[in-house]
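One-letter residues, chain by chain:
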Amino acid sequence: MNRTDRLLAVVLELQGREWTTAAALARQFGISERTVYRDVLALNEAGVPVLSVPGRGYSLMPGYFLPPLHLSVPEAVMLSLGAEAVSAAFDAEYRAAAQSAQKKLTAALPDGRRGEVEDLRGRLRVVPPDEGADAELLRVLRGAVLGGRVVGFTYHKPGGDPGGRQVFPLSLVYLHGAWLLGAYDPARSDRRTFRLSRIEHLTVEATTFDHDPAWRTGPEPDREGRSVTVRLQFPAGSERALRERPSFFQHAVTPTRGGLEVTLRVRDGRDVLAWVLSWGAGVRVLEPDGLRELVQAEARGMLAGS
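Residues numbered from 1 in each chain as written. Predicted model: local features only at pLDDT ≥ 70, side-chain atom pairs only at ≥ 80, totals over all residues. Heavy atoms only, no water.

A. Layout of the packing of helix α1 (residues 3-15) against helix α2 (residues 22-29). Interaxial distance between α1 and α2 falls to 12 Å at its minimum, and their mutual angle equals 130°. Judged by the inter-axis angle, α1 sits oblique to α2. Pair α1 / α2 crosses with right-handed handedness. Between α1 and α2, the contacting residues are Arg6, Ala9, Val10, Glu13 and Leu14 on the first element and Leu25, Gln28 and Phe29 on the second. Class assignment for the residues of the contact of α1 with α2 results in five nonpolar, one polar and two charged. (Axes fitted to C-alpha atoms, helices over the stretch in contact; angles between N-to-C directions. Helix = DSSP H or I, 4+ residues; strand = E, 2+ residues; numbered from the N terminus. Parallel < 35°, antiparallel > 145°, perpendicular 65-115°, else oblique. Left-handed = near helix turned anticlockwise from the far one by under 90°. Contact = heavy atoms within 4.5 Å. Nonpolar A, V, L, I, M, F, W, Y, C, P; charged D, E, K, R; others polar.)

Dropping the structure here:
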């Protein structure tokens, strides 16, 4: 990164934070603190009002904004595609905001560059997931996440009876083709992940909760408690198929003499029973014995019903 680019990056970093130290900036950009001091001096001389307070570090003067950025064609295309994806993937409120942002971005481009961006957008598409029945759940849960509101629902856990949950919603994530709710479950004193397609009878309580930093800096949602290790043997040549539809619980894929060994970490073998069965005879359960017995019982049941 040359110095001009670094100075712009420093301003962007300061604009995104209330205060930051010279040591933090030095680590961020891989430079010495002495170079940070020189960069801040250069910014002040160029008219950028960088405030310096001993013990707190640097901050931009309140009300200071960068002049409009001159975006390259690839930068404008990426922002435009991102707005298009958000427009199609979220509810009406966010859809309108994304469409408005896209119009402003297009209007701000020079005429020649606008044509290039439109041409590339016509040939590059981001197709968002089809939420289907989850669309209304997404809308309600988004409001609960942003508002810090407790939610309750009935959850259909694979292989078990539906149960009631009351949790603190923390995040929404789209992973491996499914929307997931990351939440803190006070009844279990732990973080949990819930698949939206398994949620019914969602209610948003009037009760709010405080965002404890420990919930966000602790282990990943649903990681704790996965004490069961599942080992599966796949034949050679399965790499592409496994990449196309991996398990949410997948931990490692290791080449072996006979093909591939896939390791998963679960709370219970039933968590991956349907996924294992979907591979048919192309997978062999190495461990645990309990999962092997579940697969055998399911196969016997399928044959008995034929």
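Still to come is the rest of the account.
B. Just the side chain of Arg192, in detail. Examined against the element boundaries, Arg192 turns out to sit in strand β6 (residues 190-195). Overall, the relative accessible area of 14% leaves Arg192 in the buried class. Within the structure, Arg192 has its side chain in polar contact with the side chain of Asp190 (distance 2.7 Å). (Buried < 20%, exposed > 50% of the residue type's maximum accessible area, 1.4 Å probe, protein only. Polar contact = N/O pair within 3.5 Å; in protein donor to acceptor, adjacent residues only side chain to side chain.)

C. A look at the sheet that holds strand β3 (residues 149-155). If you walk across this open sheet you meet the five strands as β6-β5-β4-β3-β7, and the pairing is antiparallel. The sheet is open, and its two edges are formed by β6 and β7 (199-208), each paired on a single side. Between one strand axis and the next, the sheet turns through 45° on average, direction left out of account. (Pairing = 2+ DSSP bridges.)

D. Summary view of the environment of Gln28. With respect to the helices and strands, Gln28 occurs in helix α2. Judged by its relative accessible area of 47%, Gln28 is partly exposed. Counting along the chain gives 15 residues from Gln28 to Glu13, while the straight-line C-alpha distance between them is 9.3 Å.

E. Examining the packing of α1 against helix α3 (residues 33-45) more closely. Running from N to C, α1 and α3 cross one another at 80°; their axes reach a closest spacing of 10 Å. Taken together, the axes of α1 and α3 lie roughly perpendicular to each other. The segment α1 lies against α3, with Arg3, Arg6, Leu7, Val10 and Val11 engaging Thr35, Arg38, Asp39, Ala42 and Leu43. When grouped by side-chain class, the residues that make up the contact of α1 with α3 number five nonpolar, one polar and four charged.

F. Main features of the sheet that holds strand β11 (residues 284-287). The four strands are arranged β9-β10-β8-β11 in an open sheet whose pairing can be described as antiparallel. On the outer flanks of this sheet lie β9 (250-256) and β11, each paired with one strand and no other. The sheet shows a mean angle of 25° between the axes of neighbouring strands, direction not considered. Note: β9 against strand β10 (residues 259-266), six bridges, orientation antiparallel. Within the sheet, the bridge partner assigned to Val253 lies in β10 and is Val262.

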